[in-house]
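A closer look at the structure
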Amino acid sequence: MSTEDAIWTSLPVPAILLDPQDRIAGINPAAEGFMMSSSRALMGQPVWDKLAVNAPLEEAFERARANDAPLFVNDVDVGTGERAPMQCNLQVAPLTGRPGHMIMLISPRELAGRMVQNSNVKSAAKSAIGMAEMLAHEIKNPLAGITGAAQLLSMTLGPEDLELTDLIVSESRRIVSLLERVEQFGNISAPDMRPVNVHDVLDRARRSAMLGFAAHMALVEDYDPSLPLALGDSDQLLQVVLNLLKNAAEAARGRPGTIRLHTYYEQSLRVRRGEGQGKALPLQIEIIDDGPGLPPEIADQVFDPFVSGRENGTGLGLALAAKIISDHDGWISVNSVPGRTVFRISLQRAADATKEA
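Residues numbered from 1 in each chain as written. Predicted model: local features only at pLDDT ≥ 70, side-chain atom pairs only at ≥ 80, totals over all residues. Heavy atoms only, no water.

Looking at an unreviewed UniProt entry, the chain carries the name histidine kinase, with the source organism given as Roseovarius mucosus DSM 17069. In the Catalytic activity (unreviewed entry) part of its UniProt record, the chain is described as follows: "ATP + protein L-histidine = ADP + protein N-phospho-L-histidine." (UniProt positions renumbered as here; feature names shortened; annotations may be inferred.)

Rendered as structure tokens:
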């Protein structure tokens, strides 16, 4: 392999070579993963048939080509038809020595923003855990006394006053239940990392959902059968998937809908946290629903503790999911528009962890 070929293959961002007619003349492995298609299938195809960008770029491309000048486009949504659009920066430059040819680099911004958010998950979790301990000590015991007193008082009251004591008892129990859920948020032990077949985890979650909270939904399997084993804790991953399925089912508000469980391999995704070495996260799990989407005002904070788009929601389910995936050294993100919400989990491959060990 020549030095040029090695550089092209090793580029960590999607790169596409375009001929003078804006047809795909070359594509690196990272771009194959981004576009979820092989170079053989994409070669010779008009790039704008394969990439959907929410900005008129054809004229800008022609000006850059005619002037032999680079082009930079920031903060545009780029989709492929196979995945939900994500915000990206595009860099385009003429290819030296090949008139009319352009090279385009696609830099997803979703990863950077999500990694900043992930880096705060553990500190936010610690704050929630500390608050839980304080609340449990300061509130649960007095609530037990209030509940007991209300129950004793109800024994001496007439029927017209029982409604008030029943309200005291029910609301006290609701607060205790909330505190117990907050405590549960901090009681997740470190994951027992082992080789895991993610399809087994998804099947367990799907069967449980179909028999319960998602009985009104159609759950569709869209699996990559060649997906290798992941590194993770199967029980904790099951908890995360069940939470995402439950959110998708509840978003339908009782109406029929579809939830798609999608897996695929994306070899270009690599994440580095802090000063540690970068970890490859090629195994992708997506939970896709056709519900109304996340409320725009909370879309960027859904993984933070106590942020919820549901009435009476605690806002702990997605925070717990983010904490678990963070403990797996993985990545979780969401992209939501009305009619399509995609929660994506990215995990390590078990074989890669064995090599590192």
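Within the chain one finds eleven helices and 15 strands. Taken over 357 residues, the chain has a buried fraction of 42%. Considering only contacts in the chain between residues 6 or more positions apart, those separated by 24 or more positions represent 64%. Split by element, the accessible area of the chain, about 18400 Å² in all, is 52% carbon and sulfur. (Helix = DSSP H or I, 4+ residues; strand = E, 2+ residues; numbered from the N terminus. Buried < 20%, exposed > 50% of the residue type's maximum accessible area, 1.4 Å probe, protein only. Contact = heavy atoms within 4.5 Å. Areas by Shrake-Rupley, 256 points an atom, 1.4 Å probe, with all protein chains shown as cover.)

What follows covers the environment of M86. Tracing the sequence through the fold places M86 in strand β5 (residues 86-94). Using a relative accessible area of 5% as the deciding quantity, one classes M86 as buried. With 33 residues separating them in the primary sequence, M86 and V53 have C-alpha atoms 9.7 Å apart.

For strand β4 (residues 71-79) and β5, the ladder comprises six bridges, and the chain directions are antiparallel. Counterpart to V78 in the pairing with β5 is M86. As judged from the seven bridges shared by β5 and strand β6 (residues 102-108), these two strands associate in the antiparallel manner. When the bridges of β6 are listed, V92 appears paired with M104. (Pairing = 2+ DSSP bridges.)

Secondary-structure assignment places P256 in the loop between α9 (234-251) and β10 (257-265). Accessibility expressed as a relative area gives 73% for P256, which makes it exposed. Measuring from C-alpha to C-alpha, the distance between P256 and A215 comes to 9.1 Å, with 41 residues separating the pair along the chain. With residues near it in sequence (within four places) discarded, P256 still touches H216 and M217.

Before going further, it helps to spend a moment on the packing of aromatic side chains. Per the counting criterion, the structure on display carries one aromatic pair. On the numbers, 5.1 Å between centres and 80° between planes, the contact of W48 with F61 is edge-to-face. Of this pair, W48 sits in helix α4 (residues 47-50) while F61 sits in helix α5 (residues 58-67), placing them 13 residues apart in sequence. (Phe/Tyr/Trp six-rings, centres within 6.5 Å; stacked < 30°, edge-to-face > 60°.)

Our next topic: α9. When the terminal C-alpha atoms of α9 are compared, their 26 Å separation across 18 residues agrees well with the 26 Å that a helix rising 1.5 Å per residue should span. If you check the start of α9, you find a side-chain oxygen 3.1 Å away from the backbone N of D235, and it comes from D233. Once α9 ends, the next one or two residues include R253, with phi positive near 55°. (Expected span 1.5 Å × (residues − 1). Polar contact = N/O pair within 3.5 Å; in protein donor to acceptor, adjacent residues only side chain to side chain.)

With that out of the way, let us pick up the pairing of β4. Looking at chain direction, strand β3 (residues 52-53) and β4 are connected through two bridges and run antiparallel. Counterpart to A52 in the pairing with β4 is G79.

Once that is clear, we can look at the nonpolar core. Within the largest apolar cluster, 39 residues are counted, with the highest numbers of intra-cluster contacts made by L245, I259, L261, I287, F303, I345 and L347. Those elements that provide at least two residues to this core are α8 (198-210), β8 (217-222), α9, β10, β13 (283-289), α10 (317-327), β14 (331-337) and β15 (340-347). Here this core takes eight residues from α9, the largest share from any one element. With residues near it in sequence (within four places) discarded, L245 still touches A205, R206, A209, F213, I259, L261 and I287. (Core = buried A, V, L, I, M, F, W, Y, C linked by side-chain atoms within 4.5 Å.)

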